[in-house]
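Report on the structure
Okay, here's what each chain looks like letter by letter:
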Amino acid sequence: MAKIYIRNMEDGARDYPLKDGKSIYLPPKGKPVHWAEIAENNFSPALAQAELRGFIQVKREAAATTKKDGGGK
């Protein structure tokens, strides 16, 4: 399952709800930089809105691809 990494871009700490009903705490921006990790399927509409508004920075892990044997080559 792919992972998503989230960083708060605001001066104050924030809590955001996740799809599973829990929430994620993001400390204020600053040093050291803190990236919270969640499963891709737990990314909520609240996080999507925060990303659109620039309140958080999101890095998405590239999906793993598998090569299938072509057979007979």
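Let me sum up the structure you'll find in this document. (Residues numbered from 1 in each chain as written. Predicted model: local features only at pLDDT ≥ 70, side-chain atom pairs only at ≥ 80, totals over all residues. Heavy atoms only, no water.)

**Thoughts on the overall build of the protein chain**
Across its full length, the protein chain holds one helix and five strands. Counting from the amino terminus, helix and strand elements in the protein chain follow one another as β-β-β-β-α-β. In the protein chain, which comprises 73 residues, the share counted as buried stands at 23%. Summed over all atoms, the accessible surface of the protein chain reaches about 5,400 Å², with 51% contributed by carbon and sulfur. (Helix = DSSP H or I, 4+ residues; strand = E, 2+ residues; numbered from the N terminus. Buried < 20%, exposed > 50% of the residue type's maximum accessible area, 1.4 Å probe, protein only. Areas by Shrake-Rupley, 256 points an atom, 1.4 Å probe, with all protein chains shown as cover.)

**Comments concerning the pairing of strand 1 (residues 3–8)**
Across the two faces of strand 1 the burial differs, with I4, I6 and N8 buried and K3, Y5 and R7 not buried at all. In this structure, strand 1 lies alongside strand 4 (residues 36–39), joined through four bridges in antiparallel fashion. Its bridge partner being in strand 4, I4 is matched across the sheet by I38. Two elements, strand 1 and strand 5 (residues 56–60), share five bridges in a ladder whose sense is antiparallel. Within strand 5, the residue paired with I6 across the bridge is V58. (Pairing = 2+ DSSP bridges.)

**Quick word on the nonpolar core**
Counting residues in hydrophobic clusters, the biggest one holds 13 residues, and the most contacted among them are I6, I38, L47 and I56. Elements with a contribution of two residues or more to this core: strand 1, strand 3 (23–26), strand 4, helix 1 (45–52) and strand 5. Excluding its chain neighbours within four sequence positions, the residues that come into contact with I6 are L26, H34, W35, A36, I38, F43, L47, I56 and Q57. (Core = buried A, V, L, I, M, F, W, Y, C linked by side-chain atoms within 4.5 Å. Contact = heavy atoms within 4.5 Å.)

**Digging into the pairing of strand 2 (residues 14–17)**
Direction of pairing for strand 2 relative to strand 3: antiparallel, over a ladder of four bridges. Bridging across to strand 3, D15 finds its partner in Y25. Turn length for the strand 2-strand 3 hairpin, with the two strands adjacent in sequence and antiparallel, is five residues, and the turn residue G21 shows positive phi of about 95°.

**Let's talk about the pattern of salt bridges**
A side chain of one charge can pair with a side chain of the opposite charge if their charged atoms are brought near each other. Going through the model one piece at a time under the given rule, you end up with four salt bridges. We note a salt bridge from E10 to R14, for which the minimum N-O separation is 3.8 Å. With relative accessibility at 32%, the residue R14 sits in the partly exposed group. (Salt bridge = Lys/Arg side-chain N within 4 Å of Asp/Glu carboxyl O.)

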